[in-house]
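Spelled out, the chains give:
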Amino acid sequence: MLCSAAAVPAMAQDKPTMAFVVNVASDFWKAAEAGMKKAQSELPDYTLEFKYPDQGTVASQQSLMDNLAAAGVKAIMVSAVDPKATDVLNKIASETALFTTDSDAPQSNRIAYVGSSNVQAGNQAAEIAKKAMPDGGKCMGFVGLLDAANYKERAQGFTEGLKGSKITLVDTRGDGGDQTRAKANVSDVLTANPDINCMVGFYSYNTPQIYQALKEAGQLGKITIVGFDDDPITLGGVKEGTIAGTVVQQPFEWAYQGFKLMAAYLKGDKSGIPDSKQIIVPTKILYAGDIDAYVKNLKAMAGQ
């Protein structure tokens, strides 16, 4: 018995490790952490880790992944800060099994992507805008990372979805993942662009910052807000009618399915990887009447 007990730490250390690396720190990722916990309960032979870079930059993300690869991590799933940084991603892919999520890098040597169709999510955001503004409008976008694929694809889908309407996306302001700057960007637009009557929060924290800035300026309810994701402030705004609607993703599933896929891959099972190398987890629109049922489901997933 003593020998068996003493062997437990060594066995634990011998477990292969897999990691999930995000782009910027945000409450958005809490659902993905819950997905990782569920995956961990089904993958006792692996150690699963969730990692946040110090900053939302290529250099910070690269440093984190370099350290993970050097520590012997067997697989990494990453929300790529910049899909064009293929040299960085390919270096990691040469050292460990590399997968992407949330923001893809299809030109890199990543094995597969698990996440939303960001173009489709952008189309859905356009549906919210058209329903809220049948007579047209001028929208300003707000986002963390202007170079990231998830933003570019959402903006593409949003613009395509607006064709035939009188609504335009005038421009998008980036904040580099700094939420204080995100709120300041909204205030700056209110001053510099008084003709803007629609604001789109392309990242999870942008919509709450739009909400807060408009509330403080006395403009809440006067400017149409189109949201992404399910921050509690966003969901509350949709329910009360001050936010027209929000497009929600399923980061819980990205992490849960992603870790299971990586574990299978490490065991030599590649059957879960489609020819497209993309596993799309659907997005959906939430309007005021959808919020209560959605929140109930969120709590059930979190075990509350």
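Look up a bit, the structure's there.
Residues numbered from 1 in each chain as written. Predicted model: local features only at pLDDT ≥ 70, side-chain atom pairs only at ≥ 80, totals over all residues. Heavy atoms only, no water.

1. As for the nonpolar core
And step 1. Counting 30 residues, the largest nonpolar core has Met18, Phe20, Trp29, Leu43, Leu48, Phe99 and Phe259 as the members making the most contacts within it.
And step 2. Here this core gets 8 residues from one element, more than from any other, and that element is helix H10 (residues 251-266).
And step 3. Val24, Ala182, Phe202 and Tyr205 belong to the second-largest nonpolar core, a separate cluster that totals 26 residues. (Core = buried A, V, L, I, M, F, W, Y, C linked by side-chain atoms within 4.5 Å. Buried < 20%, exposed > 50% of the residue type's maximum accessible area, 1.4 Å probe, protein only. Helix = DSSP H or I, 4+ residues; strand = E, 2+ residues; numbered from the N terminus.)

2. Digging into unusual backbone geometry
And step 1. With a phi close to 65 degrees, Asp102 is a non-glycine residue in the positive phi region.
And step 2. Its location among the elements puts Asp102 in the loop between strand E4 (97-101) and strand E5 (113-115).
And step 3. Judged by its relative accessible area of 3%, Asp102 is buried.

3. Let's talk about the state of the cysteines
And step 1. Here the structure, examined in full by the defined rule, presents 1 disulfide.
And step 2. Between Cys139 and Cys198 runs a disulfide, and the two sulfur atoms are separated by 2.2 Å. On the S-S bond that ties Cys139 to Cys198, the torsion sits near 90 degrees, and the link is right-handed. With Cys139 in strand E6 (residues 137-143) and Cys198 in strand E8 (residues 198-201), this residue pair connects regions lying 59 residues apart in the sequence. Each member of the pair, Cys139 as well as Cys198, carries the same accessibility label: buried. (Disulfide = S-S within 2.5 Å.)

4. Some thoughts on the packing of helix H5 (residues 118-132) against helix H6 (residues 149-161)
And step 1. At a minimum axis distance of 6 Å, the contact between H5 and H6 shows a crossing angle of 45 degrees. With respect to H6, the element H5 is oriented oblique. The crossing of H5 and H6 is right-handed. Between H5 and H6, the contacting residues are Asn118, Val119, Gly122, Asn123, Ala125, Ala126, Ala129 and Lys130 on the first element and Asn150, Glu153, Arg154, Gln156, Gly157, Phe158, Glu160 and Gly161 on the second.
And step 2. A class-by-class count of the residues in the contact of H5 with H6 yields 5 nonpolar, 7 polar and 4 charged. (Axes fitted to C-alpha atoms, helices over the stretch in contact; angles between N-to-C directions. Parallel < 35°, antiparallel > 145°, perpendicular 65-115°, else oblique. Left-handed = near helix turned anticlockwise from the far one by under 90°. Contact = heavy atoms within 4.5 Å. Nonpolar A, V, L, I, M, F, W, Y, C, P; charged D, E, K, R; others polar.)

5. Section: the packing of aromatic side chains
And step 1. Going through the model one piece at a time under the given rule, you end up with 13 aromatic pairs.
And step 2. With a centroid separation of 6.3 Å and an interplanar angle of 80 degrees, the aromatic rings of Tyr203 and Tyr205 are classed as edge-to-face.
And step 3. One aromatic cluster is present, built from ring pairs that chain together Phe20, Phe28, Trp29, Phe50, Tyr52, Trp254 and Phe259.
And step 4. Of note, Lys38 hangs over the ring of Tyr256, and the distance from its end group to the ring centre comes to 4.3 Å.
And step 5. Above the face of the Tyr287 ring, Lys131 is positioned so that its terminal group lies 3.9 Å from the ring centre. (Phe/Tyr/Trp six-rings, centres within 6.5 Å; stacked < 30°, edge-to-face > 60°. Lys NZ or Arg CZ within 6 Å of the ring centre and 35° of its normal.)

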